[in-house]
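Listed here are the chains, written in short residue letters.
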Amino acid sequence: MSIDVAVIPAAGRGTRMRPATRVVPKALITVVDRPQIQYSVEEAARAGAKEAIIVVDLDAGHLVAQHFSLEGPLPTLEDMVVRPVVQEEALGLGHAVNEAAHMVGDRSFFCLLSDNIVRPGEDVLSEMAVGSDDGSVSVMCLRELTDEFLSKYGVVVPSSDVNDGYLDLAGAVEKPGAKDAPSRLGLVGRYLFTPEVFSILDKTVPGVGGEIQLTDAINALGAAGRLRGYVAETDLLDVGTPAGLVEATVALGADLS
Ligand code: G1P
């Protein structure tokens, strides 16, 4: 099925990237020649999306929005409409995604976390769309994680074997740690949601860290039997930490030479 809208949460203040993010929002940290959020918008455009809704914060959100609007559309994004929505309070990733509900309406949508960048030529969104059974299930991009990452990522509960890269899921747990992890398959920042997720987020109470967690809504989709995983073949680049940013700069910069 074709998905025409993407939600890109960009309200995070990037505490793992201080002092760079004291003034500059995390979404505008540059990787090679463009801010990290632009990679996500371009990735969504490659998968056929025509509209990107960026969820920004009150303090610095206007800077993120201006990146896409000043001097007209960016050359790589001429067919993409970029629309900001403000998350007034930092109540968690689930809350941020829900701020886009009135703009998404009754459509399935991609959700991309821009501190994860896909390597050139290794897009996953189209495969995720193929796995959605024409919009009847939500599809999560997954990677197998090593122990140390089981406390840094959401981890899913599989309910079937992997078949051609896809598997059924019964739920998900936010950052469970190695001891309590239900599997090694982690949520790596690419999601395809049916609009059902918004009514679930409306009812989701604060979870880990006192925040409204997207992973808790994903868990509810699993409990309802409408959740699938797609296991990506390679890692995404995590630009949310200084070491990851260096790795991504080398990987993406190699394309320029
Ligand atoms: C968020 C999500 C987590 C997911 C991760 C991917 O965590 O809450 O479930 O695995 O993104 O990067 P954060 O990176 O905001 O701590």
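In every chain, residue numbers begin from 1 and rise along the written sequence. In keeping with the model being predicted, local features are shown solely for residues with a pLDDT of at least 70 and side-chain atom pairs are shown and tallied solely at 80 or more, while totals for entire chains, interfaces and linings include all residues. Side-chain measures here rest on the full set of heavy atoms in the structure, leaving out hydrogens and waters.

(A) Broad picture of the nonpolar core. By nonpolar core is meant a set of buried Ala, Val, Leu, Ile, Met, Phe, Trp, Tyr and Cys residues that side-chain atoms within 4.5 Å join together. Think of it in three bands: with a 1.4 Å probe and only protein chains considered, a residue is buried below 20% of the maximum accessible area for its type, exposed above 50%, and partly exposed in between. Counting residues in hydrophobic clusters, the biggest one holds 38 residues, and the most contacted among them are Ile37, Val41, Phe110 and Met128. Residue assignment for this core shows that the elements contributing at least two residues are β1 (5-9), α1 (36-46), β4 (51-57), α2 (61-69), β6 (109-112), α5 (125-130), β8 (138-144) and β11 (185-193). Any two residues having at least one pair of non-hydrogen atoms within 4.5 Å are treated as being in contact. Every residue in contact with Ile37, bar those within four places of it in the chain, is listed here: Ile8, Ala10, Ala27, Leu28, Ile54, Val64, Phe68 and Ser114. Residues Met140, Leu142, Leu167 and Ile218 belong to the second largest nonpolar core, which totals 32 residues. We count a stretch as a helix when DSSP gives it H or I for four or more residues in a row; a strand needs E for two or more, and each element gets its number in order from the N terminus.

(B) Spatial organisation of the site of the ligand. If even one non-hydrogen atom of a residue comes within 4 Å of a molecule or strand, that residue is called near it. Close contacts around the ligand come from Arg16, Leu93, Leu113, Asn116, Tyr153, Gly154, Glu174, Lys175, Leu187, Tyr191, Gln213 and Thr215, and that covers them all. Between the ligand and Asn116, the relevant distance is 3.1 Å, taken from an oxygen atom to a side-chain nitrogen or oxygen of the residue. A 3.5 Å cut-off defines polar contacts: any pair of N or O atoms within that distance qualifies, except that in protein one atom must be a possible hydrogen donor and the other a possible acceptor, and neighbouring residues in sequence count only when both atoms are side-chain atoms. The contact in question runs from an oxygen atom of the ligand to an N or O atom on the side chain of Lys175, over 2.5 Å. Its free accessible area being 380 Å², the ligand has 81% of it covered by the protein chains. Surface accessibility follows the Shrake-Rupley procedure with a 1.4 Å probe radius. Residue values consider only the protein chains on display as shielding.

(C) Structural context of helix α8 (residues 214-223). Taken together, the buried positions of α8 are Leu214, Thr215, Ala217, Ile218, Leu221 and Gly222. Take α8 and look down its axis: the buried residues cluster within an arc of 155°, on one side only. Of the residues one or two after α8, Gly225 is the one with positive phi, at around 80°. What the arc covers is the set of directions going from the helix axis to the C-beta atoms.

(D) A look at the pattern of salt bridges. What makes a salt bridge here is a side-chain nitrogen of Lys or Arg within 4 Å of a carboxyl oxygen of Asp or Glu, nothing more. A full pass over the atoms with the stated rule returns 18 salt bridges. Two residues, Asp115 and Arg16, come together in a salt bridge whose shortest N-O distance is 3.7 Å. Residue Asp115 is found in the loop between β6 and β7 (116-117), and its partner Arg16 is found in the loop between β1 and β2 (30-31); the two are separated by 99 residues along the sequence. Among the residues examined, Asp115 registers a relative accessible area of 10% and is labelled buried. Looking at Arg16, the relative accessible area reads 48%, which means it is partly exposed. Here Arg34 ties to Glu42 by a salt bridge, and the two come within 3.0 Å at their closest N and O atoms.

(E) Structural view of the side chain of Ser132. Along the chain, Ser132 falls in the loop between α5 and β8. Judged by relative accessible area, which is 0%, Ser132 ranks as buried. Ignoring anything within four residues of it in the chain, the contact list for Ser132 reads Met1, Val137, Val139 and Leu192.

(F) Main features of the environment of Ser160. With respect to the helices and strands, the residue Ser160 is situated in the loop between β9 (154-158) and β10 (166-174). What makes Ser160 partly exposed here is its relative accessible area of 27%. Each C-alpha atom, one on Ser160 and one on Leu112, is 25 Å from the other, the two residues being 48 residues apart in sequence. Among all residues touching Ser160, those that are not within four sequence positions of it are Leu167 and Asp168. Polar side-chain contacts of Ser160 include one of 2.9 Å to the backbone nitrogen of Asp168.

(G) How the structure looks around α1. Of all the 11 residues making up α1, 9 are buried; the element is thus mostly covered by neighbouring parts of the structure. Gly48 sits one or two positions beyond α1 and adopts a positive phi of about 105°.

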